[in-house]
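An overview of the molecular structure
So you can see what is in the structure, the chains are spelled out below.
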Amino acid sequence: MMWFSSDNAGPAAPEIMDAMVKANGMYSAAYGADPIMDRVRDRIRDLFEAPEAAVYLVATGTAANSLALATLVQPWQTVYCHRNAHIEEDECAAPEFYTGGAKLTLLDGKDAKITPSSLQHAIDFTGRAGVHNVQKGALSITNTTENGTVYTLDEIRALTSIARAAEIPVHLDGARFTNALVSLGCTPAEMTWKSGIDVVSFGGTKNGLVGVEAVILFDPARAWEFELRRKRGGHLFSKHRYLSAQMEAYLTNDLWLDMARKANAMAARLSAGILALPEARLDHPTEANIVFASWPRKGHKAAQEAGAHYYFWPFDQSLDGPDDELLSARLVCNWSTTEAEVDNFLKTIAG
Ligand SMILES: *Cc1c(COP(=O)(O)O)cnc(C)c1O
């Protein structure tokens with residue numbers, strides 16, 4: 001078994017399945033009024049040191065991001081994001097749809113991290129012709145980034161202070177929130193509101209849930225609008241307790257932290273093993289659970305013949321061509337990835 005195509009290819013944790021089975025053994029109020037959700041809300045407020053925060057659950061990251069952004073911006077405003085952001089490349093214009101047509105302004109920076117100068121430049125440029133332009137709306141950053149790198153707290157603060165000066169709110173796409181958190185070794189509060197983040201998409205699915213993401217709004221004044229948008233957008237679950245149960249188990253006994261630590265450790269092992277091969281290189285630093293690396297085509301052929309699953313990154317590379325030419329790939333580890341799986345893959349690509 002060599003599955004590195006996505007964290008989503010991995011299974012949900014047994015603790016999560018058990019919690020869903022347990023939730024199935026009872027009647028409960030619907031639409032988020034279940035007692036498990038009350039405990040989840042308290043737990044998240046506690047973990048984030050944010051007693052006032054509004055907390056909601058949805059089933060996909062696309063819904064979390066799009067509903068969060070819709071709550072932050074008007075249709076005639078723009079969301080600043082990296083040009084490789086998931087909201088730009090992988091959400092089929094759901095953010096534009098849910099916001100009622102707000103624009104995305106794409107920013108640069110290596111390893112999928114926005115540079116402060118590109119953000120400042122874009123903000124300075126926005127709205128210069130008045131009514132003819134979109135207006136400043138929000139900043140959206142992703143941590144862990146789409147390139148498997150992690151913004152440090154200083155890097156986050158450099159961006160959020162620019163947003164603060166421009167009087168726009170900041171959204172964090174945390175589909176891999178916990179992988180970044182354990183990589184930084186900081187608290188959830190430090191990675192978010194203490195560093196200027198207003199709204200978080202707090203991912204669970206990629207880190208061992210069946211399908212739950214929380215949206216955390218640190219300003220409760222935004223809560224009612226979010227609730228209305230979630231319902232109107234078809235993401236208020238009637239049998240909500242199954243979502244609550246997953247999130248509760250996730251945040252119990254450090255399961256969320258343990259799973260992210262395991263995934264990150266396997267990526268570090270994979271990354272070090274690839275670097276040790278002659279003729280191989282990393283394309284981005286490995287700072288969480290994703291490895292971007294290049295190695296000779298013959299190693300890719302061997303991997304594919306052995307049934308390994310992963311993506312060429314970018315997609316448009318071919319197995320046909322000279323054996324020694326380097327091809328680039330993305331390899332994603334999850335909580336269930338084993339050392340044997342990693343070592344077997346390394347042996348296979350080494351030929
Ligand atoms: C996977 C992912 C999401 C969520 O995707 P869904 O398929 O909608 O659950 C959001 N942001 C990032 C950076 C992701 O990698």
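Here's a quick rundown of the structure.

What follows deals with the layout of surface pockets. Quantified by volume, the largest pocket comes out at close to 540 Å³. Elements represented by at least two residues in the lining of the largest pocket include exactly helix H4 (86-89), strand S8 (281-284), strand S9 (290-296) and strand S11 (326-332). Among the elements that take part in the lining of the largest pocket, S11 stands out by supplying 3 residues, more than any other. Within the lining of the largest pocket, the residues separate by chemical class into 8 nonpolar, 10 polar and 8 charged. When we break the lining of the largest pocket down by domain, the ones giving at least three residues each are domain 1 (13-250) and domain 2 (255-350).

This paragraph deals with the side chain of aspartate 34. You can see aspartate 34 is positioned in the loop between helix H1 (14-23) and helix H2 (35-47). Of the side chains bearing the opposite charge, arginine 41 lies closest to the buried aspartate 34, which forms no salt bridge; the N-O distance is 7.4 Å. Separated by 2.9 Å, the side chain of aspartate 34 and the backbone nitrogen of methionine 37 make a polar contact. The residues contacting aspartate 34, other than those within four sequence positions of it, are Ser28, Ala29, His240, Arg241 and Ser244.

Another aspect to go through is the pattern of salt bridges. Scanning all chains against the criterion turns up 15 salt bridges. Of the charged contacts, one joins aspartate 111 and lysine 110 as a salt bridge, the two residues approaching to 3.6 Å between their closest N and O atoms. Residue lysine 110 is classed as exposed on the basis of its relative accessible area, which comes to 69%. In this structure, the salt-bridge partner of aspartate 198 is arginine 164, at a minimum N-O distance of 3.6 Å. You can see aspartate 198 sitting in the loop between helix H9 (188-191) and strand S6 (199-203) and its partner arginine 164 sitting in helix H7 (residues 153-165), a full 34 residues away along the chain.

To continue, consider the pairing of S8. Here S8 pairs with S9 via 3 bridges, running antiparallel. Each bridged residue has a counterpart across the sheet, and for arginine 281 the counterpart in S9 is serine 294. Hairpin connection of S8 to S9: 5 residues between the antiparallel strands.

Scoring rules and cut-offs
- Residues numbered from 1 in each chain as written.
- Predicted model: local features only at pLDDT ≥ 70, side-chain atom pairs only at ≥ 80, totals over all residues.
- Heavy atoms only, no water.
- 1 Å grid on protein atoms, 1.4 Å probe; cavity = no way out; pocket = protein on both sides within 12 Å on 5 of 7 lines; lining within 4 Å.
- Points joined across faces, edges and corners; volume = space filled by probe spheres on them.
- Helix = DSSP H or I, 4+ residues; strand = E, 2+ residues; numbered from the N terminus.
- Nonpolar A, V, L, I, M, F, W, Y, C, P; charged D, E, K, R; others polar.
- Domains from an automatic or database assignment.
- Buried < 20%, exposed > 50% of the residue type's maximum accessible area, 1.4 Å probe, protein only.
- Lys, Arg positive; Asp, Glu negative; His and termini not counted.
- Salt bridge = Lys/Arg side-chain N within 4 Å of Asp/Glu carboxyl O.
- Polar contact = N/O pair within 3.5 Å; in protein donor to acceptor, adjacent residues only side chain to side chain.
- Contact = heavy atoms within 4.5 Å.
- Pairing = 2+ DSSP bridges.

The quantities given are spatial measurements derived from coordinates; they are silent on function.
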